[in-house]
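Here's the letter readout for the chains.
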Amino acid sequence: MCHLHLVSLPTYAGIMPDNQTKFLLLQIFGAKSHPVRKYQRFKHVNPYPVPVPLPQEPIDLARISLQRIAADLSAKVTVYQMPLTDILDSGKEITQPHIVGIQSPDQQELLAHHNPDRPVFVEGPFPLWLKKTCVYYYVLRGELLPPGEKGEMLDSERNFYYPMHLDLDLDRGPWDDEEFDVDEAEEGPIFAMCMAGAGDQATLAKWILGLQQNNPILSQTPVVFHLAPGPRELLAASDSEPGEEEIPQSRRAQQER
Amino acid sequence: MALSFKLLENVFLSSKCHRQNALHPFCGPLLTNCISKLYSSYRRPGTSPDNTPLWKMNFSFENGVDWIKKNFGLLKKELVDHVKGPEGRGFEEYFLEQTRVVWEFRSQKDLDEWVVSSDAEIGGKSEAYLKLGKNNQTALLFGTLSTEAPRDGETGYSGYCAIRAKLLKGAFDTKKYYDWSNFNSLYLRVRGDGRPWMINIYTDPYYSHQKDDLYTYFMFTRGGPYWQEITIPFSKFFLSSWGRIQDDQYPLWLDKISSVGFTLGDKADGPFQLEIDFIGLLNDRAHTEEFAYEKYERNPKA
């Protein structure tokens, strides 16, 4: 039974056996044996496969993981800052951590409709595991609006010639009712995500400044930073964290006042 | 006669769980603060078996009376439900339903239906905790995994954590099962951190030598701040027994399911978290596969 022990481990470990393992298995046990069959079954089970080998460079790693969590194929990854280590003449070292952000057109639209009087929150760092490496990402999100203040729905009588909002689900017929009788957990809208080399407020402020290029509304919205010194659970927010500060992003606005 | 004997035992027994294996049919395992041998018969290597005789245990009249009251209430409810329809639901609901929410996590009472375990029970260093998430709308399972094996000479590997639904109990602690024969997929709304989890379904088989049978499948979380809706058809679950995947595979029978569990054992040291919004069942009419693995004998002896 030792061969079972050998092969049961990778299956339960979430690591998919690779070609080398397959070759070894074939050689040792023969083509029709139990371990080989097991390998064949579970090769392509992961719907979100992690690229092998995982890139070591932080920018590429950030790019791959941000594309993975964005869940939107039309999301665009922007590198706001490359990692840099400068040594000035006076001998002082300046290190610039990398900042890679992602935003999809849906998120951009949500941010454009956001009310600039309400603050947006930068939360983080949240852990993300890729096989055996753990990377951390930060999220820019808004508050959950109470139901009365939700944005206006499109008026269905606005245009009689064609429907402005089409929701066709042609795979299923009207007799199939696949809704669950439960209120799903709701949270505020997410506007953008990023990964940075360092988690302090100055770095993330640079990210926000970079986001302002495509989202001019950010210059008028107050941004609140909810940063924790270590990795946090995805939900815990607003109660009591260090590093909570508000930046009225509009120095120009202040000067105008 | 057997009922009166049961009642007499229960009037005097308190909530300790010694000698569960011998006394289980007679004493209600009042699982308040210890996980009884219903879930596993594992004994840490090096500890001696627990052999305290019955007359040394503590007796408590109050607990017995509470137990009687609770079970008569449950018995009454069961009789009323039997008249209403299968499992207490009406007939239209039973015949026409395509979705059903089995577990949702909205209060501490919902969390009490689940049992969390980690390899701390075999002496490892992982930790796992279950608590309600933000706004009491989700369950958050978090902790740290450590693959350092305990040094007891027997265990070779370590580093897992698991959560399992408690077994359903009817009146007077009769075994009850979930009947999911109307459905063909499991639906989960979760938010993980990229780790691969395994979903286990425990059934109650007819023969007792099949009692360690387990149907498993993988749940790959994507990670990230968005919720992930996972649908796994029951035809994909493969059979394993005592942890080893079996050579001859059989499809999962949905009429006698005792519990469902999630396990994490991906050999990566570090913190993990998994948020579950709800667990439901779906009857996917477009899914016609009966079983994903070969049912014929693959290496015939002749």
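Scoring rules and cut-offs
- Residues numbered from 1 in each chain as written.
- Chains lettered and ligands numbered in written order.
- Predicted model: local features only at pLDDT ≥ 70, side-chain atom pairs only at ≥ 80, totals over all residues.
- Heavy atoms only, no water.
- Helix = DSSP H or I, 4+ residues; strand = E, 2+ residues; numbered from the N terminus.
- Buried < 20%, exposed > 50% of the residue type's maximum accessible area, 1.4 Å probe, protein only.
- Contact = heavy atoms within 4.5 Å.
- Phe/Tyr/Trp six-rings, centres within 6.5 Å; stacked < 30°, edge-to-face > 60°.
- Lys NZ or Arg CZ within 6 Å of the ring centre and 35° of its normal.
- Buried area = accessible area lost by both parts, 1.4 Å probe.
- Salt bridge = Lys/Arg side-chain N within 4 Å of Asp/Glu carboxyl O.
- Polar contact = N/O pair within 3.5 Å; in protein donor to acceptor, adjacent residues only side chain to side chain.
- Nonpolar A, V, L, I, M, F, W, Y, C, P; charged D, E, K, R; others polar.
- Expected span 1.5 Å × (residues − 1).
- Pairing = 2+ DSSP bridges.
- Patch = residues over 30% accessible without salt bridge, like charges linked within 9 Å, V, L, I, M, F, W, Y side chains within 5 Å.
- Areas by Shrake-Rupley, 256 points an atom, 1.4 Å probe, with all protein chains shown as cover.
- Lys, Arg positive; Asp, Glu negative; His and termini not counted.
- Charge placed at Lys NZ, Arg CZ, Asp CG, Glu CD.
- Core = buried A, V, L, I, M, F, W, Y, C linked by side-chain atoms within 4.5 Å.

### Let's talk about the overall build of chain A
Across its full length, chain A carries 7 helices and 9 strands. For chain A, the proportion of its 257 residues judged to be buried stands at 39%. Long-range contacts, defined as pairs at least 24 residues apart, comprise 63% of the intrachain contacts of chain A with a sequence gap of at least 6.

### Side note on the packing of aromatic side chains
Summed over all chains, the structure comprises 25 aromatic pairs over all chains. On the basis of an interplanar angle of 70° and a centroid distance of 5.9 Å, the ring pair of tryptophan 197 of chain B and phenylalanine 272 of chain B is categorised as edge-to-face. Of the two residues, tryptophan 197 of chain B sits in strand 7 (residues 196-203) while phenylalanine 272 of chain B sits in strand 13 (residues 270-282), which places them 75 residues apart along the sequence. Each member of the pair, tryptophan 197 of chain B as well as phenylalanine 272 of chain B, is classed as buried. Judged by centre distance (5.9 Å) and plane angle (45°), the ring pair of phenylalanine 218 of chain B and phenylalanine 238 of chain B falls under tilted. Here phenylalanine 238 of chain B lies in strand 10 (residues 238-241) and phenylalanine 218 of chain B lies in strand 8 (residues 213-220), a separation of 20 residues in the sequence. Take phenylalanine 238 of chain B: its relative accessible area is 1%, and that puts it in the buried class. Its end group placed over the ring of tyrosine 202 of chain B, arginine 164 of chain B keeps NZ or CZ at 3.7 Å from the ring centre. Arginine 195 of chain B extends its terminal NZ or CZ atom over the ring of tryptophan 129 of chain A, reaching a point 4.1 Å from the ring centre.

### What to know about the interface of chain A and chain B
Counting residues at the interface gives 54 residues for chain A, matched by 64 residues for chain B. For the chain A and chain B pair, buried surface summed over both sides reaches about 5,100 Å², with 57% attributable to carbon and sulfur atoms. Where chain A meets chain B, there are 1 salt bridge. A salt bridge links arginine 191 of chain B to glutamate 187 of chain A; the nearest nitrogen and oxygen atoms lie 2.9 Å apart. Inspection of the region where chain A meets chain B yields 8 residue pairs in polar contact (both at pLDDT 80 or more). Elements with a minimum of two residues in the side of chain A that touches chain B: helix 1 (2-13), helix 3 (34-41), helix 4 (58-70), strand 5 (120-130), strand 6 (133-141) and strand 7 (190-196) of chain A. Among the elements that take part in the side of chain A that touches chain B, helix 1 of chain A stands out by supplying 7 residues, more than any other. Its residues placed into classes, the side of chain A that touches chain B shows 27 nonpolar, 7 polar and 20 charged.

### Describing helix 6 (residues 201-212) of chain A
Because each turn of an α-helix spans 3.6 residues, side chains separated by three or four positions end up pointing in the same direction. Residues and elements named next belong to chain A. Its 12 residues place the ends of helix 6 16 Å apart at the C-alpha level, agreeing with the 16 Å of an ideal helix rising 1.5 Å per residue. Here helix 6 lies mainly inside the structure; 9 of its 12 residues are buried. When we look at burial in helix 6, the residues that qualify are Gln201, Thr203, Leu204, Ala205, Trp207, Ile208, Gly210, Leu211 and Gln212.

### Points about the pattern of salt bridges
All names here are of chain B. By the definition in use, this model includes 17 salt bridges over all chains. Aspartate 81 is paired through a salt bridge with lysine 84; the nearest N and O atoms lie 3.8 Å apart. Taken as a pair, aspartate 81 and lysine 84 lie in helix 3 (residues 61-84) at a separation of 3 residues, close to a single helical turn. We classify aspartate 81 as buried; its relative accessible area is 18%.

### What to know about the environment of glutamate 143 of chain A
All names here are of chain A. As for its position among the elements, glutamate 143 is in the loop between strand 6 and strand 7. Residue classification places glutamate 143 among the partly exposed positions, given a relative accessible area of 28%. Residues glutamate 143 and glycine 188, spaced 45 residues apart in sequence, show a C-alpha to C-alpha distance of 4.6 Å. Ignoring any residue separated from it by four or fewer positions in sequence, one finds glutamate 143 in contact with Arg118, Pro119, Phe121, Gly188 and Pro189. Of the polar contacts made by the side chain of glutamate 143, one reaches the side chain of arginine 118; its length is 3.1 Å.

### Observations concerning the sheet that holds strand 2 (residues 114-118) of chain B
Residue and element names in this part refer to chain B. Spatial strand order, 2-5-12-7-8-10-11: 7 strands in an open sheet with antiparallel pairing. Edge positions in the sheet fall to strand 2 and strand 11 (244-245), since each has one partner strand and no second. Taken together, the 7 bridges between strand 7 and strand 12 (residues 257-264) define a ladder with antiparallel strand orientation. Within strand 12, the residue paired with tryptophan 197 across the bridge is leucine 264.

### Observations regarding unusual backbone geometry
A cis geometry characterises the amide bond from valine 52 of chain A onward to proline 53 of chain A, with omega recorded as -5°. Notably, phenylalanine 172 of chain B is not glycine yet its phi reads approximately 55°, a positive angle. Within the secondary structure layout, phenylalanine 172 of chain B lies in the loop between strand 5 (161-165) and strand 6 (185-191). Even without a glycine there, the phi angle at lysine 267 of chain B is positive, about 60°. With respect to the helices, strands and loops of the structure, lysine 267 of chain B is situated in the loop between strand 12 and strand 13.

### A closer look at a negative patch on the surface
A contiguous patch of negative charge, built from Asp181, Asp183 and Glu186 of chain A together with Glu92, Glu93 and Glu104 of chain B, is present on the exposed surface. With respect to the helices and strands, the residue glutamate 186 of chain A is situated in the loop between strand 6 and strand 7.

### With respect to the nonpolar core
Grouped together as the largest cluster of nonpolar side chains are 49 residues, with contacts concentrated most on Trp180, Phe237 and Phe262 of chain B. Not counting the four nearest positions on each side in its chain, phenylalanine 237 of chain B is found in contact with Leu186, Ile199, Ile201, Tyr215, Thr216, Tyr217, Ile232, Leu252, Phe291 and Tyr293 of chain B. By size, the runner-up hydrophobic cluster in this structure holds 21 residues, among which are Ile59, Ala70, Ala75 and Met195 of chain A.

### Brief notes about the environment of glutamate 297 of chain B
With respect to the element layout, glutamate 297 of chain B can be found in the segment after strand 13. Separated by 62 residues in sequence, glutamate 297 of chain B and serine 235 of chain B have C-alpha atoms that sit 18 Å apart.

### Some points on a nonpolar patch on the surface
All names here are of chain A. Taken together, the side chains of Tyr161, Tyr162 and Met164 present a nonpolar region at the surface, about 430 Å² in accessible area. Within the fold, methionine 164 resides in the loop between strand 6 and strand 7. For methionine 164, a relative accessible area of 39% translates into the label partly exposed.

### Overview of helix 3 of chain B
Residues and elements named next belong to chain B. Given a rise of 1.5 Å per residue, 24 residues ought to cover 34 Å, and the 35 Å separating the end C-alpha atoms of helix 3 matches this to within 8%. Every buried residue belonging to helix 3 is among Gly64, Trp67, Asn71 and Asp81, and all of these are buried. The opening residue of helix 3 is serine 60, an N-cap whose side-chain oxygen sits 3.3 Å from the backbone nitrogen of asparagine 63. Residue glycine 85 follows helix 3 closely and has a positive phi angle near 160°.

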